[in-house]
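Close look at the chain arrangement
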Number of protein chains: 2
Amino acid sequence: MTKKMTMADIAELSGVGKSTVSRFFNGGYVKQETREKIQKIIEEYNYKPNAFARLKAKQSRLIGVIVPTLNSKITGRVVTSIDRYLREKNYTTLIQSSDHDIDQELENIQRLIQMNVDGILISSIAITKDHRELFAETQIPIVVLAQEYEEGISIIDDDYSAGRYIGAYIGKTGHQKVGYIGVYETDVAVGIRRKQGVIDGLKEYGITDLIIGKSDYSFIGGQTVAREILEKAPDVDAMICATDRLAFGAYKILQKAGKKIPEDVSVVGFGGYDESTLLTPELTTLKFDSYGMGYFGAETILKMIQKKRVSKKQVVDYKFIKGGSVKNYRCAESPDLL
Amino acid sequence: MTKKMTMADIAELSGVGKSTVSRFFNGGYVKQETREKIQKIIEEYNYKPNAFARLKAKQSRLIGVIVPTLNSKITGRVVTSIDRYLREKNYTTLIQSSDHDIDQELENIQRLIQMNVDGILISSIAITKDHRELFAETQIPIVVLAQEYEEGISIIDDDYSAGRYIGAYIGKTGHQKVGYIGVYETDVAVGIRRKQGVIDGLKEYGITDLIIGKSDYSFIGGQTVAREILEKAPDVDAMICATDRLAFGAYKILQKAGKKIPEDVSVVGFGGYDESTLLTPELTTLKFDSYGMGYFGAETILKMIQKKRVSKKQVVDYKFIKGGSVKNYRCAESPDLL
DNA sequence: CTGAAAGCGCTTACAG
DNA sequence: CTGAAAGCGCTTACAG
């Protein structure tokens, strides 16, 4: 393959028409004998068809994946999972990052549409009116990841239920003064639903007066809000953090302030990063099935392409991970009761 | 844009020929007046040309980026940086993950070549004979990231020097029995050069007898090797880890074994992840400039496309990050001397 | 089961 | 400065 081979070259070398070579690749009728001749040439020259030249094809076998950032543990897991699934099924994954910028995200959507992808998986931090308009205009199947999307298909974490679980856990263990480090409400899944779950979970145990702060998704942001909470409520005895990374920020600030975790302040997060088990004490957290989200997302988009039936909304599982960062006030001598 | 617009549509709507619209996008001669007419229609319909239909174009304005995994902090930084630079310059980044599989990586290279990308940035964990053959066959500019590539252009971390720095640091602080948690030697940069630097740095201080273990890049791998070292040399007083993630594994094992860091065993890594400052004690480590690597890689590939001169090898900087995981035996009362 | 021909959405000499 | 025409590497009816 010293020069780039084309389908015409392969056709000539194998002594067949190029339509036949095309059919060979797209699963059309080709006699076994012809098939073998083509196969031989392809292997000899290591030929791979140019996926982008399939201008007229109904299917491009290209799937676009849009992520808010390439810098996140969770995103890494989701995309890895998608890519594995799709590659297995002979699709090519086109990954685009929006770098937390809505305009860039909209641009990415348009670009992928123009690129004639067969489907788009989008993990957005917020579905805006512009998104809805773009989605409505196109025929291309779209699956929204991690955010609920009423007008279409989505795969979501069970944010409300997870939040409620954690809220109840903190209530049940006898905490009194609770701080919440959340994210902005443009992110409906995490900023609203997860938070609401936490609030409702706490309410079950009579805790209604919590201190709520908001942050972006950064380590620094977590620190800033933790500091604010500590100033407003020096007697805070628990910090619930919308993500593990925010919890990392809380750890940092609490340590600096000379507060012991969990003796003085309990900390809990959402995420279940590997690193969390290394903290002292290990972070109590809740792990969403990110690989599952990627898997179901990929599976669903392929089903949609094949016009199969898919559920409007699929909810992926989560798992509670008990670390040592939450104190049990109710039952100090047997903390494993919970 | 209820249907997909084509250049022909835009041409018709603006009352010009489609060659003119094409020229508009590619910086050819277009009269100001005509330019405005086209501009107006484009904005109205929010048209974006289909990057994949530029079959005949000399330039596709597509740059392929191949990474070993999407699951790494460092890779995330590098790719984010590349994507920002390229987007700024109006190029589209096509990210492909090899998922630590050489065959998949080779496939990715071929696929990108067939896709007619203008250039390829490849961060490989190993350059094999197959790589060299593929690279030699194509005319497409290629920049290798993180590995030295004698036959071409590369951007590398200064692995030897960094290793030597750390080795000398551990020697200087008076350690005696040193374990090294490295990676396999197929990864020349980390598996060989970084290790050699460590060995030479230690030698400067008379330490020649170290216990060397090898691992993949995983948390679990780090644990396994740390355990082995501990068995072989219960009196080990320092563990040098080829990456922070491996150091995390070492922390885990040492904690389990009841060894205090750094009183009983010092630990040091390479990476400089944010999380490392959260460990107790904070991990002493060395941070490579991954954003710089992405930036220089992107800059270099564009220069190559424009047939400008580029250096064969560019070395990105590193920074020593002093945590609290290394004990200074030489001068225990003023540990900040170093 | 196979090939010639038209067409996908764009770019590029070329003639004006 | 602009447009008609040919061509990029593929796919798809269609006729055989």
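Residues numbered from 1 in each chain as written. Chains lettered and ligands numbered in written order. Predicted model: local features only at pLDDT ≥ 70, side-chain atom pairs only at ≥ 80, totals over all residues. Heavy atoms only, no water.

Here we look at the protein's contact with DNA strand D
Surveying the vicinity of DNA strand D reveals 26 residues, the closest of which are Met7 and Ser22 of chain A together with Ser19, Thr20 and Thr34 of chain B. Atoms of DNA strand D within 4 Å of the protein: sugar and phosphate make up 60%, bases the balance. Alanine 53 of chain A places a polar main-chain atom, nitrogen or oxygen, 2.8 Å from a base nitrogen of DNA strand D. In the model, a phosphate oxygen of DNA strand D is placed 2.9 Å from a nitrogen or oxygen of the arginine 54 of chain A side chain. For the surface near DNA strand D, the secondary-structure elements that each account for two or more residues are α2 (18-26) of chain A together with α2 (18-26) of chain B. Looking at which element gives the most residues to the surface near DNA strand D, the answer is α2 of chain A, with four residues. For the surface near DNA strand D, a count of residues per class yields ten nonpolar, nine polar and seven charged. (Near = heavy atom within 4 Å. Polar contact = N/O pair within 3.5 Å; in protein donor to acceptor, adjacent residues only side chain to side chain. Helix = DSSP H or I, 4+ residues; strand = E, 2+ residues; numbered from the N terminus. Nonpolar A, V, L, I, M, F, W, Y, C, P; charged D, E, K, R; others polar.)

Structural notes on the protein's contact with DNA strand C
The full set close to DNA strand C counts 26 residues, and Ser19, Thr20 and Thr34 of chain A together with Met7 and Ser22 of chain B are the nearest of them. Among all atoms of DNA strand C positioned within 4 Å of the protein, those belonging to sugar or phosphate total 58%. In the environment of DNA strand C, a sugar or linking oxygen lies 3.4 Å from a nitrogen or oxygen atom belonging to the side chain of lysine 56 of chain A. The separation between a phosphate oxygen of DNA strand C and a polar side-chain atom of arginine 54 of chain B is 2.8 Å. Elements that contribute at least two residues to the surface near DNA strand C include exactly α2 of chain A together with α2 of chain B. Partitioning the surface near DNA strand C into residue classes produces ten nonpolar, nine polar and seven charged.

Observations regarding the interface of chain B and chain A
On the chain A side, the residues contacting the 56 residues of chain B number 56 residues. Counting the surface chain B buries against chain A, the share from its top three residues, Phe52, Gln114 and Leu278 of chain B, is 16%. The interface formed by chain B and chain A includes six salt bridges. For arginine 84 of chain B, the salt bridge identified is with aspartate 99 of chain A, shortest N-O distance 2.5 Å. Between chain B and chain A we count 20 residue pairs in polar contact (both at pLDDT 80 or more) in total. (Contact = heavy atoms within 4.5 Å. Buried area = accessible area lost by both parts, 1.4 Å probe. Salt bridge = Lys/Arg side-chain N within 4 Å of Asp/Glu carboxyl O.)

Things to note about unusual backbone geometry
Between threonine 280 of chain A and proline 281 of chain A the backbone carries a cis peptide bond, its omega angle lying at -10°. Its location among the elements puts proline 281 of chain A in the loop between β9 (266-268) and β10 (285-288). That bond from isoleucine 261 of chain B to proline 262 of chain B is cis: its omega, 0°, falls within 30 degrees of zero. For proline 262 of chain B, the position within the fold is in the loop between α10 (244-256) and β9 (266-268). Positive phi is not limited to glycine here, since arginine 61 of chain B has a value of about 60°. In this structure, arginine 61 of chain B sits in the loop between α3 (32-45) and β1 (62-67).

Examining the domain arrangement of chain A
Residue and element names in this part refer to chain A. Segmentation of chain A into domains returns domain 1 (62-157 + 290-316) and domain 2 (159-288 + 320-337). Using C-alpha coordinates to define each centre, domain 1 is positioned 30 Å away from domain 2. For the pair domain 1 and domain 2, the summed buried surface comes to about 1,100 Å²; carbon and sulfur atoms form 44% of the total. By the criterion of area lost to domain 2, the three top residues of domain 1 are Lys73, Arg77 and Asp157, representing 43% of everything that side buries. (Domains from an automatic or database assignment.)

A word on the relation of the copies chain B and chain A
With an RMSD of 0.0 Å, the fit of chain B onto chain A corresponds to turning through 180° and sliding 0.0 Å along the axis. Look at the turn and shift together and you get a two-fold axis relating the two. Most of the interface of chain B is mirrored in chain A, where 100% of its interface residues again form contacts. (Least-squares fit on C-alpha atoms with pLDDT ≥ 70 in both.)

Observations concerning the pattern of salt bridges
In the structure shown here, the tally under the stated rule is 29 salt bridges over all chains. Put simply, Asp83 and Arg87 of chain A together with Glu107 of chain B are held in one network by salt bridges that share partners.

Details of the sheet that holds strand β8 (residues 238-241) of chain B
Residues and elements named next belong to chain B. One open sheet holds the four strands; their spatial order is β7-β6-β8-β9, and the pairing between them is parallel. Where the open sheet ends on each side, the last strands, each with one partner, are β7 (211-215) and β9. Strand after strand, the sheet turns through a mean of 15° between neighbouring axes, direction not considered. Pairing of strand β6 (residues 178-183) with β7, which is carried by five bridges, proceeds in the parallel orientation. Its bridge partner lying in β7, glycine 182 is registered against lysine 214. Helix α9 (residues 219-232) rests against β6, β7 and β8 of the sheet, and its axis sits at about 160° to β7. In the packing of α10 onto the sheet, the strands contacted are β6, β7, β8 and β9, and the crossing angle to β8 comes to about 150°. (Pairing = 2+ DSSP bridges. Axes fitted to C-alpha atoms, helices over the stretch in contact; angles between N-to-C directions.)

Quick look at the sheet that holds strand β7 (residues 211-215) of chain A
All names here are of chain A. Strand order in the open sheet made by the four strands is β7-β6-β8-β9, with parallel pairing throughout. A single partner strand is all that each edge strand has here, and the edge strands are β7 and β9. Along the sheet, successive strands turn relative to each other by an average axial angle of 15°, direction set aside. Pairing analysis gives four bridges linking strand β6 (residues 178-183) to strand β8 (residues 238-241), with the strands arranged parallel. Across the sheet, the residue bridging to tyrosine 180 is isoleucine 240, located in β8.

Topic: the packing of aromatic side chains
All names here are of chain A. Applying the stated criterion across every chain yields a total of 20 aromatic pairs over all chains. Ring centres of phenylalanine 24 and phenylalanine 25 lie 5.2 Å apart, and the angle between their planes is 85°; on these two criteria the pair is classed as edge-to-face. Members of the aromatic cluster, joined through ring pairs, are Tyr165, Tyr169, Phe288, Tyr318 and Phe320. In this structure, arginine 61 packs its charged tip against the face of tyrosine 91, placed 4.3 Å from the ring centre. (Phe/Tyr/Trp six-rings, centres within 6.5 Å; stacked < 30°, edge-to-face > 60°. Lys NZ or Arg CZ within 6 Å of the ring centre and 35° of its normal.)

Description of the packing of helix α7 (residues 159-172) of chain B against helix α8 (residues 188-204) of chain B
Residue and element names in this part refer to chain B. In the contact formed by α7 and α8, the axes pass within 6 Å of each other and the chain directions differ by 35°. Where α7 crosses over α8, the two elements pack in a sense that is right-handed. Counted together, Asp159, Tyr160, Gly163, Arg164, Gly167, Ala168, Ile170 and Gly171 of α7 and Ala189, Val190, Arg193, Arg194, Gln196, Gly197, Val198, Asp200, Gly201, Leu202 and Glu204 of α8 form the full contact between these two elements. Across the contact of α7 with α8, the residue classes tally to seven nonpolar, six polar and six charged. (Left-handed = near helix turned anticlockwise from the far one by under 90°.)

So, the packing of helix α1 (residues 7-14) of chain A against helix α3 (residues 32-45) of chain A
All names here are of chain A. Close contact between α1 and α3 brings their axes to 9 Å; oriented N to C, the two are set at 125°. In terms of their interaxial angle, α1 and α3 are classed as oblique. For the element pair α1 and α3, the recorded crossing hand is right-handed. On the side of α1, the interface is formed by Ile10, Leu13 and Ser14, while α3 contributes Lys37, Ile38, Ile41, Ile42 and Tyr45. Here the contact of α1 with α3 is composed, by residue class, of six nonpolar, one polar and one charged. (Parallel < 35°, antiparallel > 145°, perpendicular 65-115°, else oblique.)

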